[in-house]
Amino acid sequence: MPADVTTLDIIAFVWFVGSWVGFTITQDHLLTGRNVLNQHLRIVRRHWIERMLERDNRIIDSQLFGHTMHSCTFFASTNMLVLAGLIGSFGAAERAQQFVSGLSFAVQTSPQLFEIKMLLMVVIFTFGFFKFTWALRQYNYCCALIGSAPMPPVPPEDRKVIAQSIGEALTLAITALNGGIRAYYFALAALVWVIGPIPLIAASSGVVLVLTRRQAFSATEKVIRAQTQWLERNDSTKMK
């Protein structure tokens, strides 16, 4: 442990990790059925698959699916470039540390602590890479599920079961993709650690607030919520 690591640094690091883990657990596992964007889209995906099972021509569905796979591939490729740059920077860590320490707003740190802060960035983007590649693999599994879907007419009870199954598989893939994108947000918060531990705490809290607002209180959430409610009402009317 570097000698210049303070108690506040440790508290800031724990706050950073706790903010990330806490938000992820709350968002991906505890908010089932609540009015948040991800839960709305879970319902929308189920309705999408139901509509797909009613169509003979599924070209538009494959195009939409391919678009999300391309997005995942883009982020995974970008993540590798960032990782390569971070690992390469360790060869000039001493010069980078001197440059950052020379900034008026940056806290003075030892080379050892500076390397720990850089290593944190490497860990974050490595985690993101695993998330993106796992999402891509799950998208491939979804391709097999969609390809095996029966052609119409599909009995309503079977259509519900198949749509629920494929929709959940697609949601798992997108959840992994969201986890990788989330790593980018918290990497920006971790970067603030070079300024000091208090800015790290503030940045971690700020990321959580921004992500929470987008999930639960944004204009996008309101629009998608309205569409979701219409889909559910329309579905209930058909069943009657």
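Calculation notes
- Residues numbered from 1 in each chain as written.
- Predicted model: local features only at pLDDT ≥ 70, side-chain atom pairs only at ≥ 80, totals over all residues.
- Heavy atoms only, no water.
- Axes fitted to C-alpha atoms, helices over the stretch in contact; angles between N-to-C directions.
- Helix = DSSP H or I, 4+ residues; strand = E, 2+ residues; numbered from the N terminus.
- Parallel < 35°, antiparallel > 145°, perpendicular 65-115°, else oblique.
- Contact = heavy atoms within 4.5 Å.
- Buried < 20%, exposed > 50% of the residue type's maximum accessible area, 1.4 Å probe, protein only.
- pLDDT = per-residue confidence, 0-100.
- Core = buried A, V, L, I, M, F, W, Y, C linked by side-chain atoms within 4.5 Å.
- Patch = residues over 30% accessible without salt bridge, like charges linked within 9 Å, V, L, I, M, F, W, Y side chains within 5 Å.
- Areas by Shrake-Rupley, 256 points an atom, 1.4 Å probe, with all protein chains shown as cover.
- Salt bridge = Lys/Arg side-chain N within 4 Å of Asp/Glu carboxyl O.

## Side note on the packing of helix 4 (residues 93-101) against helix 5 (residues 111-147)
Two numbers describe how helix 4 lies on helix 5: the axes approach to 10 Å, and their chain directions differ by 100°. Taken together, helix 4 and helix 5 sit at an angle that is classed as roughly perpendicular. Facing helix 4, whose interface residues are Ala93, Ala96, Gln97 and Val100, helix 5 presents Pro111, Phe114 and Glu115.

## Some thoughts on the side chain of Arg46
Within the fold, Arg46 resides in helix 2 (residues 37-53). Taking the relative accessible area as the measure of exposure, Arg46 reaches 16% and is therefore buried. Aside from chain neighbours lying at most four places away, what touches Arg46 is Lys160, Ala163, Gln164 and Glu232.

## Description of unusual backbone geometry
Residues Pro152 and Pro153 are joined by a peptide bond in cis, for which omega reads 5°. Looking at where Pro153 falls in the secondary structure, it is placed in the loop between helix 5 and helix 6 (156-191).

## Some details on the confidence of the model for the protein chain
Residues with a pLDDT of 70 or more make up 97% of the protein chain, whose mean pLDDT is 90. Summarising per-element confidence for the protein chain, the mean pLDDT is lowest in helix 4 (77) and highest in helix 7 (residues 197-216) (95).

## Thoughts on the nonpolar core
In this structure, Phe16 and Ile124 are the most contacted members of the largest nonpolar core, which totals 21 residues. At the level of secondary structure, the elements contributing two or more residues to this core comprise helix 1 (7-30), helix 3 (59-89), helix 5, helix 6 and helix 7. Setting aside residues up to four positions removed in sequence, Phe16 forms contacts with Leu120, Ile124, Phe186, Ala189, Ala190, Leu200 and Ser204. Membership of the second largest hydrophobic core comes to 14 residues, among which are Phe65, Tyr139, Cys142 and Leu177.

## Remarks on a nonpolar patch on the surface
A contiguous nonpolar surface patch, about 580 Å² in accessible area, is contributed by Ile10, Phe13, Val14, Val17, Val21, Ile25 and Leu30. Within the fold, Val14 resides in helix 1.

## Examining helix 1
Of the positions making up helix 1, those classed as buried are Asp9, Ala12, Phe16, Ser19, Trp20, Phe23, Gln27 and Asp28. Close packing links the buried residues of helix 1 with helix 2, helix 5, helix 6 and helix 7.

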